[in-house]
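Take a look at the letters that make up each chain.
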Amino acid sequence: MSESTKKHKAAAPKQLNFAVFVCSTSRYQEMQKVEKIDDVSGDTIEALLKKAGHKVLSRKIIADDKSVIEDAVKKVLHSAELNAAVFCGGTGIAPKDVTIETVSPFFEKTLPGFGEIFRRLSYDKMGSAAVMSRAAAGVAKGKVLFCIPGSPDAVRVSVETLILPEAPHIVRHIRE
């Protein structure tokens, strides 16, 4: 790591405020019927962020639907309190998976390395099936937005290996 990168990371905020959205139509519909549902991926994201000293100001299960996801992105971008958001799920290649296609038009700048490194890490674990792994990140209106797959393993890899080490560094850069 270069001296410049070390200085930027040292000057990065120690605590960020996150919103977490689990994009899953099936879980959203299940949530409408019962009081509490299992949300392993959402629980994992929240636990890892909090363990690292960050705050989760908002956490919701939302339908994997373009208009619902757009509304969530707009709320994040208009929040004075939030620094970052994680959109988990809806990143597959099925026609109903629209998270990346919905969030990415809001990016002022994309972070292509996020998806590239995620796929490399996925390849190391699962081989050539990683070509179907989609993840994306970008910045908009002083916030960083992450789109990650919804499987618990993908959540752990993306949050522990990419989001936690780099989100504060990214936020520092977009504040300059």
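This text follows the structure it describes.
Residues numbered from 1 in each chain as written. Predicted model: local features only at pLDDT ≥ 70, side-chain atom pairs only at ≥ 80, totals over all residues. Heavy atoms only, no water.

1. Observations concerning the pairing of strand S1 (residues 17-23)
- Where burial is concerned, most of S1 is hidden: seven out of the seven residues are buried.
- On S1, burial covers both faces: Asn17, Ala19, Phe21 and Cys23 on one face and Phe18, Val20 and Val22 on the other are all buried.
- Pairing of S1 with strand S2 (residues 55-62), which is carried by seven bridges, proceeds in the parallel orientation. Residue pairing for S2: valine 20 is matched across the bridge by arginine 59. (Buried < 20%, exposed > 50% of the residue type's maximum accessible area, 1.4 Å probe, protein only. Helix = DSSP H or I, 4+ residues; strand = E, 2+ residues; numbered from the N terminus. Pairing = 2+ DSSP bridges.)

2. What about the packing of aromatic side chains?
- Per the counting criterion, the structure on display carries two aromatic pairs.
- Judged by centre distance (5.0 Å) and plane angle (15 degrees), the ring pair of phenylalanine 21 and phenylalanine 87 falls under stacked. Linking phenylalanine 21 in strand S1 with phenylalanine 87 in strand S3 (residues 84-88), this pair joins segments that are 66 residues apart in sequence. Assigned by exposure class, phenylalanine 21 and phenylalanine 87 land together as buried.
- Arranged with centres 5.2 Å apart and planes meeting at 50 degrees, the rings of phenylalanine 114 and phenylalanine 146 form a pair that is tilted. One end of the pair, phenylalanine 114, is in helix H6 (residues 112-126); the other, phenylalanine 146, is in strand S6 (residues 143-148), and 32 residues separate them in sequence.
- Relative accessible area serves as the criterion here: at 1%, phenylalanine 146 is assigned to the buried category. (Phe/Tyr/Trp six-rings, centres within 6.5 Å; stacked < 30°, edge-to-face > 60°.)

3. With respect to the nonpolar core
- Residues Phe18, Ile45, Phe114, Phe146, Ile148 and Ile163 are the most contacted members of the largest nonpolar core, which totals 27 residues.
- Elements represented by at least two residues in this core include exactly S1, helix H3 (40-51), S3, H6, strand S5 (136-140), S6 and helix H7 (152-175).
- The dominant element in this core, judged by the number of residues it contributes, is H7, at nine residues.
- Once you skip the residues sitting within four places of it in the chain, isoleucine 45 turns out to touch Val20, Val86, Cys88, Ile148, Val155 and Val159. (Core = buried A, V, L, I, M, F, W, Y, C linked by side-chain atoms within 4.5 Å. Contact = heavy atoms within 4.5 Å.)

4. Looking at the packing of H6 against H7
- At a closest axis distance of 11 Å, the pairing of H6 and H7 adopts a crossing angle of 125 degrees. As the angle between them shows, H6 and H7 are arranged oblique. The handedness of the crossing between H6 and H7 is right-handed. Of the residues in H7, those in contact with Phe114, Ile117, Phe118, Leu121 and Lys125 of H6 are Asp153, Ala154, Val157, Ser158, Thr161, Leu162 and Ile163.
- Partitioned by chemical class, the residues of the contact of H6 with H7 number eight nonpolar, two polar and two charged. (Axes fitted to C-alpha atoms, helices over the stretch in contact; angles between N-to-C directions. Parallel < 35°, antiparallel > 145°, perpendicular 65-115°, else oblique. Left-handed = near helix turned anticlockwise from the far one by under 90°. Nonpolar A, V, L, I, M, F, W, Y, C, P; charged D, E, K, R; others polar.)

5. A word on the sheet that holds S1
- Reading across from one edge, S2-S1-S3-S6-S5-S4 is the order of the six strands in this open sheet, with mixed pairing throughout. Each edge of the open sheet carries a strand with a single partner, namely S2 and strand S4 (109-110).
- Here H3 sits on the sheet in contact with S1, S2, S3 and S6, set at roughly 170 degrees to S2.
- Each of S4, S5 and S6 touches H6; the most contacted strand, S6, lies at about 30 degrees to it.

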